[in-house]
Amino acid sequence: MGSLDSYIPIFLLIVLGIAFAGLSFVGSRLLAPQRPTAAKEAPYECGIVPTHEPSSRFPVRFYLVAMIFIIFDIEVIFLFPWAVVFRQLHTFGLVEVLVFAAAVFVSFVYLISNGALDWGPIKRIRPVATADEVRTTASTVRRHGSPGASGEAA
Amino acid sequence: MTIHASWYLTLGAVLFTIGAVGLLVRRNVLVMFMCIELMLNAANLTFVTFARELNDTGGQVAVFFVLVVAAAEVVVGLGVIVAIFRRRVGATADDVHMLKG
Amino acid sequence: MKENPAALAPELALVVAAVVGAVASGWLPRRRQWAVRLLAAGACVGGLVATALAMLGPPERVFDGSYAIDPATNAARVVVLGAALVVIGLSAEPLRAHPHESEFYVLLLLASAGAIALVGADDLLTVFAAYLLASVPSYGLVGLLRDRTGSEASLKYYLLGALFGIVMLAGATVLVGLGATSSYPGLREALDSAPRAAVAFGAVCVTAGLLFKIGGVPAQFWVPDAVDGASVPAAAFVTTIPKIGGLGAAFRFFTEALPAGRVDWALLVAVTAACTMTLGNFAAFAQTRVKRLLAYSTIGQVGYLLMAVAVAGRNGLAQQALWYYLAAYTVTNLAAFAVVAELPAARTLSDYRGLAHHRPLLAGSLAVSLLGLVGTPPTALFVGKLEIFTAVIHGGYTWLAVLAILNTVASLYYYLRWLVPAFLHAPSPHPAVLSSGGTWSAATAYAAATATVILGVGAAAVLPLGAGHLLP
């Protein structure tokens, strides 16, 4: 059986970290004045209560293009160091890079064959959330689409 | 004037901690991704510092590894997010609550 | 420098088949995707043949010492490729004509190659690359069906995997900075004079990443959610193949990269093993859904496997015990998942009421696999447990062995909660719950259950295959 001497610094660090976080919570709970009102606890302090989430700024398709871009981004990263030493590596290096480029290209072929670059009208899978018929503070402050939102409003 | 390596290492540790704390406390999945990137780049900085200190290019090669890692992880992460986005309104980690027990 | 791509034939077979499958998947009609399944199975069989040939040759390090081909790597190849074949068998029906059927097999092949590479890697950076090759396709596998629970499971698996991956990378930077090299033999020499606290920090971080792959405490959170949310084939995959890679990598990292006596990693792993098996077994008590129960059961099993890692390098028994137990656990666990795949409508323990009445053979397979997981003779895990307990007691961790025996006895309770309704209770009024998934999953269940018994009876012949020294 050995000793745990070497782990003592790590252990101390964990204890210190937990103690710091815990003490901060306890300290703020003890020291802070607590006079809650309904207005303070609302997520928005002023303005009208939002009826539904703002639509996201970019269509999902942009993410897809970003992902495709990253494939080639990475390919170029590996070509740079190879280009520096390709005279020393001779044929071996050339074959390696060709295999690598072919493997990267296969992912592109896969994307094309699955229609990742077919631009066209976007099919909307989920309908846009609309406001409830009965609007109370309790129902509209909650996020729409979250389970139980309308149930708790009653 | 040269800057001592320990400053770089400290900066790396600070970036790593910011990323780790962000990953644990933020609820927006996209911000969580950014925190992952921050931690990966902290590791990059450490590798480069060691490469300079030890006069060894191995550390710089490791940076290439990490860049690929970052790309691969972010692509998969974005894929998962897109799959979730298509089904629900927002993308916060609190919305992910169907599996429990 | 030794650059012989033929030395990596089994891994290359998987990767090449995956690339070909990815291209083919774009052009194959949905009903003809069985061609990719055939290709994947062919790659696994080809890999097994190549492994058999590699076993005849001497152990060697290839690619500038970054990859070791020794008995451990060969054992990993056999177990991973065999497991991949079983997963392909049990996924034939659940995925038939699914829009992403080909992608499932492609990702399966890539993740299997990653699991093998984890075991073979003899360099911190190679281990990290292999970690990714094993992880990234797994996230995809879990979320492949694109239903709500699948994508949620995938997100959880991914976030935890990314976090632990970076922690592992941070540990690797520290160790590389201390040792000025990333190869295991080099680190072992250089770390002998490095500050102990820093070495311990690096080792703990690298272990944390591997523990995520293994599904051990404190990185076990993903296991129940990923298994419950994923399709049955993906669940069968993530509970077996990544664990093989992670455990093999941990074994090699501790015995080859860390200098003896510098940090007491053995006690750390022993405590982790104790926590893992206890948490897994006790959390399984309250489960009513079969996939969640199996998920916690695998956490418990991983605890026993970590025991063998804790005594790594102390005696020759540990390595042999680890690989035998891994092979036995893999086939037994997959047999249980094959039964679950065969009954797609049965999700809770009570759905299995009267299974023995409807499907006696399938109920028999379930009994063999679940009692096998407890470690009942003559199944393979009985021999596996004996081997591991012996290795642990010889290694000086008697308390751990005692705890493991107590855990084993306790685990009998929740396996019986599943078996008793299946055998003793009257059949359910809704026989549709027990409708069959198809011939392939049933055949896989029977075959895997039989293999469990054969592996147990023929243990004497199989055990030495996992032995043999790692490269110094």
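Position numbers for residues start from 1 in each chain and track the written sequence from start to end. Lettering for chains starts from A, numbering for ligands starts from 1, and both go in the order in which the items are written. In view of the model being predicted, local features appear only for residues whose pLDDT reaches at least 70, and side-chain atom pairs are presented and counted only at 80 or more, with totals across whole chains, interfaces and linings using the full set of residues.

Account for the overall build of chain B, naming residues and giving values.
Scanning chain B from N- to C-terminus turns up three helices and zero strands. Counting other C-beta atoms within 10 Å of a residue's own tells you its class, since 20 or more makes it buried, 12 or fewer makes it exposed, and anything in between is partly exposed; those C-beta atoms are placed from the backbone. Counting all 101 residues of chain B, 33% fall into the buried class. For chain B, contacts bridging at least 24 residues in sequence account for 49% of all contacts bridging at least 6. Comment: elements are numbered from the N terminus, with helices defined as DSSP H or I runs of at least four residues and strands as E runs of at least two. Contact definition: two residues whose C-beta atoms, as placed from backbone geometry, lie within 7 Å.

Lay out the overall build of chain C in plain terms, naming residues and giving numbers.
Tallying secondary structure elements over chain C gives 20 helices and two strands in all. If one aligns the C-alpha atoms of chain C with their principal axes, the spans along those axes are about 70 × 55 × 40 Å. Counting every position in chain C, which comprises 472 residues, the buried fraction comes to 65%. Across chain C, the fraction of contacts at a sequence separation of at least 24, relative to all contacts at a separation of at least 6, is 81%.

So what's going on with helix H3 (residues 71–90) of chain C? Residues and values would help.
How far a helix is expected to stretch is found by multiplying one less than its residue total by 1.5 Å. In a regular helix each residue adds 1.5 Å, so 20 residues correspond to 28 Å; H3(C) covers 29 Å between its end C-alpha atoms and thus fits that length. Counting buried positions over the 20 residues of H3(C) gives 18, a clear majority of the element.

Explain the interface of chain B and chain C residue by residue, including any values.
On the chain C side, the residues contacting the 30 residues of chain B number 35 residues. Elements with a contribution of two residues or more to the side of chain B that touches chain C: helix H1 (5–25), helix H2 (29–54) and helix H3 (58–85) of chain B. When the residues that make up the side of chain B that touches chain C are grouped by side-chain class, the tally is 22 nonpolar, five polar and three charged. Three categories are distinguished: nonpolar for Ala, Val, Leu, Ile, Met, Phe, Trp, Tyr, Cys and Pro, charged for Asp, Glu, Lys and Arg, and polar for the others, with Gly belonging to the last.

Quick rundown of helix H2 (residues 34–56) of chain C? Include the residues and the values.
All names here are of chain C. Taking 1.5 Å of rise per residue, 23 residues should cover 33 Å, and H2 covers 34 Å from first to last C-alpha, within 8% of that figure. Listed in full, the buried residues belonging to H2 are Val36, Arg37, Leu39, Ala40, Ala43, Cys44, Gly47, Ala50, Thr51 and Ala54. Check the buried side of H2 and you find it contacts helix H1 (9–27), strand S2 (67–69), H3 and helix H4 (101–120).

Tell me about unusual backbone geometry, and name the residues and values.
Note that the residue after Val217(C), namely Pro218(C), is joined by a cis bond; omega there is 5°. Structurally, Pro218(C) can be placed in the loop between helix H8 (196–214) and helix H9 (222–229). Of the consecutive residues Pro377(C) and Pro378(C), the connecting peptide bond is found in the cis state with omega at 5°. As for its position among the elements, Pro378(C) is in the loop between helix H16 (360–374) and helix H17 (380–394). The phi torsion at His90(A) lies on the positive side, around 55°, for a residue other than glycine. Note that His90(A) resides in helix H3 (residues 60–113). Judged by the 9 C-beta atoms lying within 10 Å of it, His90(A) falls in the exposed class. The backbone of Ala180(C) sits at a positive phi, close to 60°, despite the residue not being glycine. Counting through the fold element by element, Ala180(C) comes out in the loop between helix H6 (148–179) and helix H7 (184–190). Ala180(C) gets classed as partly exposed once you count the C-beta atoms within 10 Å, which come to 17.

Summarise the packing of helix H11 (residues 241–257) of chain C against helix H13 (residues 290–310) of chain C; cite the residues concerned and give the values.
Residue and element names in this part refer to chain C. Two numbers describe how H11 lies on H13: the axes approach to 10 Å, and their chain directions differ by 20°. Here H13 runs roughly parallel to H11, going by the angle between their axes. The way H11 lies across H13 gives a crossing that is right-handed. On the side of H11, the interface is formed by Lys243, Leu247, Ala250, Phe251 and Phe254, while H13 contributes Val302, Leu305 and Val309. Looking at the contact of H11 with H13 residue by residue, the class counts come to seven nonpolar, no polar and one charged. Fitting a line to C-alpha atoms yields each axis, with helices limited to the stretch in contact; the angle taken between N-to-C directions then spans 0 to 180 degrees. Should an angle fall under 35 degrees it is called roughly parallel, over 145 degrees roughly antiparallel, and 65 to 115 degrees roughly perpendicular, with every other angle called oblique. Note on convention: near helix rotated counterclockwise from far helix by under a right angle means a left-handed crossing. Clockwise means right-handed.

Any details on the environment of Leu293(C)? Residues and values, ideally.
Residue and element names in this part refer to chain C. Looking at where Leu293 falls in the secondary structure, it is placed in helix H13. A count of 26 C-beta atoms within 10 Å places Leu293 in the buried class. Not counting the four nearest positions on each side in its chain, Leu293 is found in contact with Ala284, Gln287, Tyr414 and Trp418.

An account of the environment of Phe237(C) is requested, with residue identities and associated values reported.
All names here are of chain C. Its place among the elements puts Phe237 in helix H10 (residues 232–238). The exposure class of Phe237 is buried, given the 32 C-beta atoms found within 10 Å. Counting along the chain gives 167 residues from Phe237 to Asp70, while the straight-line C-alpha distance between them is 25 Å.

So, the confidence of the model for chain B: which residues are in play, and what are the values?
A score between 0 and 100, pLDDT records how confident the predictor is in each residue. Confidence in the prediction for chain B averages 81 pLDDT; 84% of positions are at 70 or higher. At the level of individual helices and strands, chain B shows its lowest average pLDDT in H3(B), which scores 82, and its highest in H1(B), which scores 89.

I'd like a description of the packing of helix H12 (residues 265–284) of chain C against helix H18 (residues 398–423) of chain C, backed by residues and values.
How two helices pack is summed up by the angle between their axes together with the distance between the axes. Residue and element names in this part refer to chain C. The geometry of H12 relative to H18 is characterised by a closest axis approach of 9 Å and an angle of 15° between their N-to-C directions. On the basis of the axis angle, H12 is roughly parallel to H18. Relative to H18, H12 is oriented so that their crossing is left-handed. When H12 is examined against H18, the residues Ala270, Ala273, Ala274, Met277, Thr278, Asn281 and Ala284 are found in contact with a partner set consisting of Leu400, Leu403, Ala404, Asn407, Ala410, Ser411 and Tyr414. A per-class count over the contact of H12 with H18 returns ten nonpolar, four polar and no charged.

Break down the environment of Val86(C) for me, citing the residues and quoting the values.
Residues and elements named next belong to chain C. With respect to the element layout, Val86 can be found in helix H3. Each C-alpha atom of the pair Val86 and Thr298 lies 17 Å from the other, and the pair is 212 residues apart in sequence. Sequence-distant contacts of Val86, defined by excluding residues within four places in its chain, comprise Leu334, Thr444 and Ala448.

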